[in-house]
Amino acid sequence: MAEHEHVRVAVIGSGFGGLGAAVRLRREGITDFVVLERADSVGGTWRDNSYPGCACDVPSHLYSFSFAPNPDWPRTFSGQRHIRAYLEHVTDLFGLRPHLRLDSEVKLMTWDNDKLRWNIETTRGALSADVVVSATGPLSDPKIPEIPGLDSFTGKVFHSARWDHDYDLAGKRVAMVGTGASAIQIVPAIQPRVGRLTLFQRTPPWVMPRVDRAISGPERWLHRRLPVTAQARRGLLWGIRELQVQAFTKRPDELGLVEQLAKRNMARAVKDPALRAKLTPDYRIGCKRILLSSTYYPALAKPNVDVVASGLSEIRGSTVVAADGTEAEVDAIIFGTGFHVTDMPIAERVVGAEGITLAESWKNGMQALRGASAAGFPNWMTIIGPNTGLGNSSMILMIESQLNYMADYLRQLDVLGGRAALDARPAAVEGWNRRVQERMKRTVWNTGGCTSWYLDASGRNTTIWPGTTTEFRRATRRVDLAEYEVIRKPAAVCEPESEAVA
């Protein structure tokens, strides 16, 4: 990038959120923007997670942009390869390549109170922007727990989101740490190849059957010829999930029937009562994300798999030791231990109007007005921000709602005219967060009796949206200027509107 480049909007990240923001900017007639991406290609989490068996647990026709339907999804639940290809297609379809700045990791973003803009330092140079849209996503920075002895482990170690494809697992003794969404896909994918697989399970997940199938040629032909059929399919998938929300948010006791279905799913594959006891959760289904797999339980029942119902606590040479004292000799350790969700590393790199980082502002918990704007950080927005996550539907729906909010935010700046900025009022942020947290009290995510990655260090749920996607879309349809402080640059020191360099 050119040194001291200035743009109207800088988008951070090129996953669904970042590419969606780029498309929306172009559709709003805004072309003076860049998309800063730390990797060498687009795709976000669907680029980074290439582990064996990686696939989405949301149906394909719902896990795609409404403005970029794909009639050719090969399966009802598509794999990582096809989703990544879809994002590459979106990039080309909407002419986003000229806006991309690849291999450009953001090191620091600092708000300039005098010039009312963001100064951005990247690994490939500096630039400035009137508005920053942060779309780094909550599933972008892997989390590996601090395990005594890990540094001295003599074998191979990697996280599921940083899979080492050059390492051959064939015949190896492998420790799989974690039982989340990635682990239940990895385990059945590698079980037939490894010599022995030891699964370290701190908390068993609830697992429902994955009703996946190939989408037939005639179906795809129909969706291409009559796009309304694909829209109807998407609408049906969306409607079913909207109807489920009440059970998660207001009536968790109704989920008992779903638990029985999950137990039957386990019983069909796991005949050993001792193993079933290890795999049966003691919390309400839905408290953690409900996982989908028809191959996980059969894999765990294979003779070369051991399930240790305890977390990994220590490593001695090539020996892994669980908290209950169980030991195993292994050649490789794979961590499926999630990401920095409630302590996003990007927050350490954002310095606001008062000279403090976003991480410092969020030290008592993340909070943002309508999931987008943080007080003290003018003209800065986040996509998939605090309390915008979902427990049962497609995040693309939430992303598109936040894109509506972003578009109106930029329109409001245009209406204000001149050099202006919007800063969320602390009272508005606190009021929004208070209402969200009040609604959260009744949800299964807070009452279900589990400890999940939805909760921050203080036990507060700063991740999930406690309502329907329809409610969120209504809440983010327009920017209410009463919730923002309008900051203007004094006329005496205004710079020409055509200024293009810092």
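Throughout what follows, the structure given in this document is the object of discussion. All values reported here derive from a predicted model rather than from experimental measurement. (Residues numbered from 1 in each chain as written. Predicted model: local features only at pLDDT ≥ 70, side-chain atom pairs only at ≥ 80, totals over all residues. Heavy atoms only, no water.)

**A short note on the sheet that holds strand β12 (residues 305-308)**
Taken together, the five strands give an open sheet; going across it, the order is β7-β16-β8-β9-β12, and neighbouring strands pair in parallel fashion. What marks the edges here is a single partner per strand, and that holds for β7 (156-159) and β12. Averaged over all adjacent pairs, the angle separating strand axes in this sheet is 15°, with direction ignored. The sheet contacts of helix α4 (residues 183-190) involve β8 (173-177), β9 (196-200) and β16 (332-335), and relative to β8 the element is tilted by about 165°. (Pairing = 2+ DSSP bridges. Helix = DSSP H or I, 4+ residues; strand = E, 2+ residues; numbered from the N terminus. Axes fitted to C-alpha atoms, helices over the stretch in contact; angles between N-to-C directions. Contact = heavy atoms within 4.5 Å.)

**Focus: the state of the cysteines**
The term disulfide refers to a covalent linkage connecting the sulfur atoms of a pair of cysteines. Counting across every chain of the model gives one disulfide. The side chain of C287 participates in a disulfide bridge whose partner is C450; the two sulfur atoms lie 2.0 Å from each other. Looking down the S-S bond of the C287 and C450 bridge, the torsion is -90°, so its handedness is left-handed. In this pair, C287 is assigned in the loop between α8 (273-279) and β11 (291-292) and C450 in the loop between α13 (444-447) and α14 (469-475), connecting sequence segments 163 residues apart. Since its relative accessible area comes to 0%, C287 is described here as buried. Assessed through its relative accessible area of 13%, C450 is described here as buried. C54 carries a free sulfur, and the closest cysteine sulfur to it, the one in C56, is 8.8 Å from it. Accessibility expressed as a relative area gives 4% for C56, which makes it buried. (Disulfide = S-S within 2.5 Å. Buried < 20%, exposed > 50% of the residue type's maximum accessible area, 1.4 Å probe, protein only.)

**Remarks on the packing of aromatic side chains**
One pair of aromatic rings is described through two measures. These are the centre distance and the angle between the planes. Inspection of every chain in the model, using the stated rule, returns 15 aromatic pairs. On the basis of an interplanar angle of 70° and a centroid distance of 4.8 Å, the ring pair of F158 and W163 is categorised as edge-to-face. A relative accessible area of 6% places F158 in the buried class. Residue W163 is classed as buried on the basis of its relative accessible area, which comes to 10%. A centroid spacing of 4.7 Å and a plane angle of 65° characterise the contact between W453 and Y454, whose relative ring orientation is edge-to-face. A connected cluster of aromatic rings, assembled from ring pairs, spans F16, W46, Y63, F65, F67, W73, Y86 and F94. (Phe/Tyr/Trp six-rings, centres within 6.5 Å; stacked < 30°, edge-to-face > 60°.)

**Observations concerning the side chain of N379**
Locating N379 in the fold gives a position in the loop between α10 (358-361) and β18 (380-382). Separated by 2.9 Å, the side chain of N379 and the backbone nitrogen of L422 make a polar contact. Not counting residues up to four positions away in its chain, the partners in contact with N379 are W111, W118, D130, V131, V132, Y409, L413, A420, A421 and L422. (Polar contact = N/O pair within 3.5 Å; in protein donor to acceptor, adjacent residues only side chain to side chain.)

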